[in-house]
Amino acid sequence: MILENTSVKYRILEAAKPYLEGKSVQDLVVGISLIAVQLSDESVGVSYVLRYGLPPECAAFGYARNVVGMSAWDVAKWSVEGKDNVARSIGGAVLAAASQQLDIADDTDEKCHYGMDITAEDTVGMIGFIKPVAKILSQQVKKLYVFDEGVSLYEGNIHVCGMDQQPVLLPECTKMIITGSSTINGSVDGLLAMCSNAQQIAMVGSSTPMFPEGWKDTKVTTLAGAWWPKERKDEIFRIISQGGGIAQLRPIIQHKIAFVK
């Protein structure tokens, strides 16, 4: 093992190690919404920027310019050991790029169920507000609880619950959708522990580390993440550098799904 630590983040890092060895970071862009890297095998990975909680100093992220040329393994370790959300997101983007060496199926489900058997009787919890998915699910399930630390109330009929309600409401949920950004801010283990009655849990979004082996022996049943075509690297980097987010990258995303067995 890399470290004697039972956190899922360390197990993911261990599972990713064989796919990182011998590779380096070839390029990096840090945007206001997303971060992207390209590895020396030309694979591209994208991760989310958690803006809240970042240090205010304009020079706080000067370390990022040193990433190009570093070994992919050393930067991937930032996903666990990074000093702030930007560093951990850079590490996550490296993991996302490396996962493209695995054999992972396309996700063609248009119902936004992420491989879960969601019914009208389900109470669904969503960690990290995903507007289009929340709107769909709010019409399909018995209850939908949405939690997002950066949002308190959003347009429409979807109320974002207070974070202090998680210990009370998450045990009610029979199905869970958790964004991969929970691996960036370190909340993933605590969240999974609170989902005591969830029959199925999906980790979703571009920040989800797509290494099923690393998620074994957890409550997670599905990984629904994203791959990025290397031939469109310049376009991806340009959009991110200009402040673009997932909405602007949507035509480029390759949705992927893997089941944890």
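Before any of the text, the structure's been laid out above.
Keep in mind the model is a prediction, meaning the values are calculated, not measured.

Let's talk about unusual backbone geometry
Among all residues except glycine, the phi angle is most often negative; among peptide bonds, the trans geometry is most common.
In step 1: For Glu 42, which is not glycine, the phi torsion reads 75° and is therefore positive.
In step 2: For Glu 42, a relative accessible area of 39% translates into the label partly exposed.
In step 3: Notably, Asp 217 is not glycine yet its phi reads approximately 65°, a positive angle.
In step 4: By the element assignment, Asp 217 lies in the loop between strand S9 (200-204) and strand S10 (222-227).

Re the environment of Ala 36
In step 1: Structurally, Ala 36 can be placed in strand S2 (residues 34-39).
In step 2: Between the C-alpha atoms of Ala 36 and Val 94, which are 58 residues apart in sequence, the distance is 8.2 Å.
In step 3: The residues touching Ala 36, leaving out its near neighbours within four places in the chain, are Asp 27, Leu 28, Val 29, Gly 45, Val 46, Phe 237 and Ile 240.

Here's the deal with helix H5 (residues 131-138)
In step 1: When we look at burial in H5, the residues that qualify are Val 133, Ala 134 and Leu 137. Buried residues of H5 fall within an arc of 100° about the axis and therefore sit on the same side.
In step 2: Looking at the buried side of H5, the elements it contacts are strand S5 (123-127), strand S6 (143-147) and strand S8 (175-179).

Notes on the sheet that holds S5
In step 1: On the basis of which strands lie adjacent, the open sheet formed by eight strands has the order S4-S11-S10-S9-S8-S5-S6-S7 and mixed pairing. The two strands at the open ends of the sheet, each matched to only one other strand, are strand S4 (105-106) and strand S7 (160-161).
In step 2: Examined bridge by bridge, S5 and S6 share five bridges and lie parallel to one another. The residue of S6 that forms the bridge with Val 124 is Leu 144.
In step 3: Its contacts with the sheet put H5 on S5, S6 and S8, and the angle it makes with S5 is roughly 170°.

Observations regarding the pattern of salt bridges
In step 1: Enumeration over the complete set of coordinates arrives at seven salt bridges.
In step 2: For the salt bridge of Asp 122 with Lys 175, the shortest nitrogen-to-oxygen distance reads 3.0 Å. In this pair, Asp 122 sits in the loop between S4 and S5 while Lys 175 sits in strand S8, placing the two residues 53 residues apart along the sequence. For the pair Asp 122 and Lys 175, one class covers both residues: buried.
In step 3: Here Glu 213 ties to Lys 216 by a salt bridge, and the two come within 3.2 Å at their closest N and O atoms.
In step 4: Owing to a relative accessible area of 53%, Glu 213 belongs among the exposed residues under this scheme.
In step 5: Salt bridges sharing partners connect three or more residues here, namely Asp 27, Lys 233 and Asp 234.

Quick word on the pairing of S8
In step 1: Counting buried residues in S8 gives five out of five residues, a clear majority hidden from the surface.
In step 2: Burial along S8 is two-sided: the residues Lys 175, Ile 177 and Thr 179 and Met 176 and Ile 178 are all buried.
In step 3: Pairing of S5 with S8, which is carried by four bridges, proceeds in the parallel orientation. Considered in S8, the bridge of Gly 125 is made with Met 176.
In step 4: Between S8 and its parallel partner S9, the chain crosses via helix H7 (residues 188-194), and the hand of that crossover is right-handed.

Brief notes about the nonpolar core
In step 1: Ranked by size, the top nonpolar core spans 56 residues in total, and within it Leu 20, Ile 90, Val 94, Met 176 and Trp 215 carry the most contacts.
In step 2: When residues of this core are assigned to their parent elements, the largest contribution, eight residues, is made by helix H4 (residues 85-98).
In step 3: With sequence-adjacent residues up to four places away left out, Ile 90 is seen in contact with Leu 28, Val 30, Ile 35, Val 37, Tyr 63, Ala 64, Val 67, Val 75 and Trp 78.

Details of the sheet that holds strand S1 (residues 25-30)
In step 1: Taken in spatial order, the three strands of this open sheet run S1-S2-S3, and their pairing is antiparallel. Every other strand in the sheet has two partners, leaving S1 and strand S3 (44-48) as the edge strands with one partner each. Each adjacent strand pair in this sheet contributes to an overall mean axis angle of 15°, direction not counted.
In step 2: Bridge analysis of S2 against S3 gives five bridges, and the strand direction is antiparallel. Residue pairing for S3: Gln 38 is matched across the bridge by Val 44.
In step 3: On top of the sheet, H4 reaches S1, S2 and S3; it is set at about 45° to S2, its chief contact.
In step 4: The sheet contacts of helix H8 (residues 233-241) involve S1, S2 and S3, and relative to S2 the element is tilted by about 150°.

Calculation rules
- Residues numbered from 1 in each chain as written.
- Predicted model: local features only at pLDDT ≥ 70, side-chain atom pairs only at ≥ 80, totals over all residues.
- Heavy atoms only, no water.
- Buried < 20%, exposed > 50% of the residue type's maximum accessible area, 1.4 Å probe, protein only.
- Helix = DSSP H or I, 4+ residues; strand = E, 2+ residues; numbered from the N terminus.
- Contact = heavy atoms within 4.5 Å.
- Arc of directions from axis to C-beta.
- Pairing = 2+ DSSP bridges.
- Axes fitted to C-alpha atoms, helices over the stretch in contact; angles between N-to-C directions.
- Salt bridge = Lys/Arg side-chain N within 4 Å of Asp/Glu carboxyl O.
- Right-handed = clockwise from strand over helix to strand, strands pointing away.
- Core = buried A, V, L, I, M, F, W, Y, C linked by side-chain atoms within 4.5 Å.

Geometric values such as these leave the question of function open.
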